[in-house]
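Survey of secondary and tertiary structure
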Amino acid sequence: MLFRSSVMRLVVVEEMLHLTLVANIINAIGGDVDLTVPGFVPEYPTHLPDGETDFEVEVLRLCPEAIETFMRIERPGEKGADRDHVARHRSPRALVPHFRHHAGHDLHFFSIGEFYAEIERGLKALEQALAATGETLFTGDPARQARPGDYFQDTGPLGTVTDLESALLAIDFITEQGEGLGDRIYGEFGELGHYYRLEQLLLGVAYQPGDGHGEPTGRPLDV
């Protein structure tokens, strides 16, 4: 029998891996990662930084409502869908400082996966533009990279980001292991997406390969 604590712990640990991979991407392009700047810790309830305004995130005990919020955070998106993003004024309850583009609006995304897809598109466009002049976007100090095994034991070849290919691999890994893009329950890395890991807690049954959406047929979960 599986237990809810093991499901939640796995999701939390993998989210910290995702944070590490994003930090590697930022360091690789010469940016700085600082989680201690004033205003970084949000006040709740709040909206997510990528722009969803159809729900808020609150501080709750572990309960069905909390799991449902986690699932909204991790909801799958559709790569290339027309609803990817819209420009509109930012919510005053938006999470953490943000970038405001020239029109005075922010880009808002339906899902975190679609937000990452836009970052991927931007990295490709910038690297292509720089390559035309013999330059590269990836000028960061390699010594600032967190490496496989530094904090996690199961990252395999993933970890350091040194060029566009490794940056895109890191983004693909994050989105596949997290909310995913498209309608697959299991990603190309063989991982059950976080959305579906969390859904198991509501349904009380574990997913297994071959299951359909909302129809897990595996072992019971002690919830």
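Before going into details, it helps to say that this report is about the structure given with it. Everything quoted here is computed from the prediction, not taken from an experiment.

Some points on the packing of aromatic side chains
Taken as a whole and assessed by the stated rule, the structure comprises three aromatic pairs. Their ring planes at 55° and their centres at 6.1 Å tell us that Phe-115 and Tyr-116 sit as a pair that is tilted. On the basis of relative accessibility, which here comes to 14%, the residue Tyr-116 falls in the buried class. Both rings, one in Tyr-196 and one in Tyr-207, keep their centres 5.7 Å apart while their planes meet at 85°; by these two values the pair is edge-to-face. In this pair, Tyr-196 sits in helix 5 (residues 194–203) while Tyr-207 sits in the loop between helix 5 and strand 4 (221–222), placing the two residues eleven residues apart along the sequence. Classification of Tyr-196 by relative accessible area gives buried; the value is 4%. By the ring-pair criterion, three or more aromatic residues cluster together here, those being Tyr-195, Tyr-196 and Tyr-207. Lying over the aromatic face of Phe-110, Arg-75 brings its terminal NZ or CZ to 4.1 Å of the ring centre.

Some points on helix 3 (residues 112–131)
Spanning 20 residues, helix 3 covers 28 Å between terminal C-alpha atoms, matching the ideal 28 Å at 1.5 Å per step. Of all the positions in helix 3, only Ile-112, Gly-113, Glu-114, Tyr-116, Ala-117, Glu-118, Glu-120, Leu-123 and Glu-127 are classed as buried.

Some details on the packing of helix 2 (residues 64–73) against helix 5
Packed helix pairs are characterised by how far apart their axes lie and by the angle those axes make with each other. At a minimum axis separation of 9 Å, helix 2 and helix 5 run at an interaxial angle of 160°. Taken together, helix 2 and helix 5 sit at an angle that is classed as roughly antiparallel. Pair helix 2 / helix 5 crosses with left-handed handedness. On helix 5, the residues touching Pro-64, Ile-67, Glu-68, Phe-70 and Met-71 of helix 2 are Tyr-195, Leu-198, Glu-199, Leu-201 and Leu-202.

Regarding the pattern of salt bridges
A complete count under the given rule lists four salt bridges for this structure. A salt bridge links Asp-54 to Arg-75; its shortest N-O distance comes to 2.8 Å. Here Arg-75 lies in the loop between helix 2 and strand 2 (85–88) and Asp-54 lies in the loop between helix 1 (4–28) and helix 2, a separation of 21 residues in the sequence. We classify Asp-54 as exposed; its relative accessible area is 54%. Glu-118 serves as the salt-bridge partner of Arg-121, at 2.8 Å between the closest nitrogen and oxygen. Residue Arg-121 and its partner Glu-118 are located together in helix 3, separated by three residues, close to a single helical turn. Accessibility expressed as a relative area gives 19% for Glu-118, which makes it buried.

The rules behind each value
Residues numbered from 1 in each chain as written. Predicted model: local features only at pLDDT ≥ 70, side-chain atom pairs only at ≥ 80, totals over all residues. Heavy atoms only, no water. Phe/Tyr/Trp six-rings, centres within 6.5 Å; stacked < 30°, edge-to-face > 60°. Buried < 20%, exposed > 50% of the residue type's maximum accessible area, 1.4 Å probe, protein only. Helix = DSSP H or I, 4+ residues; strand = E, 2+ residues; numbered from the N terminus. Lys NZ or Arg CZ within 6 Å of the ring centre and 35° of its normal. Expected span 1.5 Å × (residues − 1). Axes fitted to C-alpha atoms, helices over the stretch in contact; angles between N-to-C directions. Parallel < 35°, antiparallel > 145°, perpendicular 65-115°, else oblique. Left-handed = near helix turned anticlockwise from the far one by under 90°. Contact = heavy atoms within 4.5 Å. Salt bridge = Lys/Arg side-chain N within 4 Å of Asp/Glu carboxyl O.

Such coordinate-based values are descriptive only and should not be taken to indicate function.
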